[in-house]
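# Overview (structure and organization)
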Amino acid sequence: MGSEANSGDSHILMLPFMAHGHLIPFLELAKLILRRSSVFTVIIACTPSNIQYIRSTVSAAVKIQLAELHYSSSGHNLPANTENTENLSPEQIVTLLNSSTALELPLRRLITDIIKKEGRPPVCIISDLFFGWSVAVARSFNVPIFNFTTCGAYGTLAYISLWLNLPHRSTPADDFSVPGFPEGCRFHRSQLNQFVLAADGTDSWSKFFQPQLSSALCSDGWLCNTVEEVESFGLRHLRDYIKIPVWAIGPLLPESTSRRWGKEKDSGVHLENCINWLNSHSKNSVLYISFGSQNTISETQMLELAHGLEESGKAFIWMVRPPLGHDMKAEFRADEWLPERFEERMKERNGGLLIRNWAPQLDILSHEAVGAFLSHCGWNSMVESLSQGVPMIGWPMAAEQAYNSKMMVEEMGVGVELTRGREREIQRGKVKKMIEMVMGEGGKGEEMRKKAAIVKDKMTAAVKDYNEKGSSVRSLEEFLAIIPTITSQEMKLKT
């Protein structure tokens, strides 16, 4: 392990899935547990390169222990040294998902080593929702186990129910009900990614998700990166559906994106320069655009988006990557993928800033000049945006993003949806119209900003840690207090 454990420590063992969108909230949860409790120490266990990645981001002052779980990607028909979803094709991602079950034996060895060293197993395991297999491992060692869903409650419920029930296969209609949601809350086929849409229970995606999610339902409870007052609807229905405790302990936010991940030197723009550029713009006048760490759009979509941006006349920061079909790590060729002299024109009139590969997202969203966020609706991005009171324009592309977007529009009223998917056609006129609506001073845009401000206040209140503590602080304290009370006998009854 990365650092020595003190004799008598009560270890919480955390198992994140191998994707940045999972590693980041797991790390933030680990930090939060250490801040809230002097009783527990935290061990994060993952594959070697992911542990190396975490180690490079964690200050020496943060006493998180790190443990490597042996994993060889080349033994699972993946490129050598591939241990993370970043830059993988969808076909490779499902291979990585299925290969993650091979971590069971290394996990058993790790727990055995902890027992030999400490004289007892970890006090509990907090495992990724995708690692349903870890429930059986925990039971075999008489260790309580809790799953952590790095998504929100609404998106998590939609995700697990769609995979476990495949309700769209029972009807020819485009819209349908989903078990766990009220009948009036209908879903549409266009909100399903291509793999859910094609799933029949025998495909490689179903063969992974159905047993893993089913096993996760047998854990001692779930933690959820959300806020009780923000997602009361989603949490109520999630709890009714899974019938085990759910603790809302979000929002899990870094103090500073750039300080945490240390990527500023690779981003093509220094944080100071980015903030100075924002300082030159008025309040709520800038649109921030990012599709997350794993998504990009087609060349045609990129051109239409650029034209729509220019025609709207709104200032913007756009985190750009090469379009679909190109190496996402390659140099971004603005002269080829954007309208002629687009970047030059934006610079000349201070109307737009293009950032390559990575942007200090939370720092940008927290600036008063930013008035809206064009996003893929990944949950981490949504939480960061709403925590700053920034309304969104949704462009969901994969995973549970379309369900997050649906909630944002229908339940929260803090955004609109531009389109769905990586291949769907968009037109510059619609881009222009939607930007103008969301960023307008009156009408629907003003209404969304007010609602987003209310969500921000609720998130701020949830993590308040003085006088009357916020709901997320109380929820985490309740969870930490429950851990020692769960007996081996109670766990045996669950198996």
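Residues numbered from 1 in each chain as written. Predicted model: local features only at pLDDT ≥ 70, side-chain atom pairs only at ≥ 80, totals over all residues. Heavy atoms only, no water.

Applicable threshold: UniProt positions are given in the numbering used here, feature names are shortened, and annotations may be inferred rather than shown by experiment.
Looking at an unreviewed UniProt entry, the protein chain carries the name Glycosyltransferase, with the source organism given as Cucurbita moschata. Of the comments in the UniProt record for the protein chain, the one headed Pathway (unreviewed entry) reads "Secondary metabolite biosynthesis; terpenoid biosynthesis." Database annotation for the protein chain, UniProt heading Sequence similarities (unreviewed entry): "Belongs to the UDP-glycosyltransferase family."

### Focus on the side chain of Ser 472
Rules: A helix here means a DSSP run of H or I that spans at least four residues, while a strand means a run of E at least two residues long, and both kinds are numbered starting from the N terminus. When accessible area is computed with a 1.4 Å probe and restricted to protein chains, residues below 20% of their type maximum are described as buried, those above 50% as exposed, and intermediate ones as partly exposed. Contacts described as polar in this section are N or O atom pairs within 3.5 Å, which, within protein, must combine one atom able to donate a hydrogen with one able to accept it, while residues neighboring in sequence count only if both atoms come from side chains. The contact definition used throughout considers only heavy atoms, calling two residues in contact when any of these lie within 4.5 Å.
Along the polypeptide, Ser 472 turns up in helix H20 (residues 471-482). Its relative accessible area of 4% is what places Ser 472 among the buried residues. A distance of 2.4 Å separates a polar side-chain atom of Ser 472 from the backbone oxygen of Gly 250. When neighbours within four sequence positions are excluded, Ser 472 is seen to be in contact with Thr 226, Val 227, Ala 248, Ile 249, Gly 250, Ala 462 and Val 463.

### Remarks on the sheet that holds strand S14 (residues 392-394)
Definition in use: Criterion used throughout: strands pair if DSSP finds at least two bridges between them. With axes taken as lines fitted to C-alpha atoms, and helix axes fitted only over the stretch in contact, angles between N-to-C directions fall between 0 and 180 degrees.
Reading across the sheet, the 6 strands line up as S12-S11-S10-S13-S14-S15 and stay open at both edges, with parallel pairing between neighbours. If you trace the sheet from one side to the other, it starts and ends with strand S12 (352-356) and strand S15 (415-417), each paired once. Within this sheet the neighbouring strands show an average axis-to-axis angle of 15°, counted without direction. Relative to S15, S14 runs parallel, the two sharing 3 bridges. The residue of S15 that forms the bridge with Met 392 is Gly 415. Of the strands in this sheet, strand S10 (286-290), strand S13 (370-375), S14 and S15 are in contact with helix H18 (residues 428-438), which crosses S15 at around 170°.

### Observations regarding the environment of Val 320
With respect to the element layout, Val 320 can be found in strand S11 (residues 315-320). When its relative accessible area of 1% is taken as the criterion, Val 320 is described as buried. For Val 320 and Phe 291, which are 29 residues apart along the polypeptide, the C-alpha to C-alpha distance reads 8.5 Å. Not counting residues up to four positions away in its chain, the partners in contact with Val 320 are Phe 332, Leu 354, Ile 355, Arg 356 and Asn 357.

### Some remarks on the pattern of salt bridges
Note the threshold: A pair is scored as a salt bridge if a Lys or Arg side-chain nitrogen falls within 4 Å of a carboxyl oxygen belonging to Asp or Glu.
Taken as a whole and assessed by the stated rule, the structure comprises 19 salt bridges. Put simply, Arg 36 and Glu 477 hold a salt bridge, and the shortest N to O gap is 2.4 Å. Of the two residues, Arg 36 sits in helix H1 (residues 20-36) while Glu 477 sits in helix H20, which places them 441 residues apart along the sequence. Relative accessible area serves as the criterion here: at 23%, Arg 36 is assigned to the partly exposed category. Across the pair Arg 341 and Glu 348 runs a salt bridge, and its minimum N-O distance is 2.7 Å. On the accessibility criterion, Glu 348 (60% relative accessible area) is exposed. Three or more residues are tied together by salt bridges with common partners; here these are Arg 36, Asp 465, Lys 469 and Glu 477.

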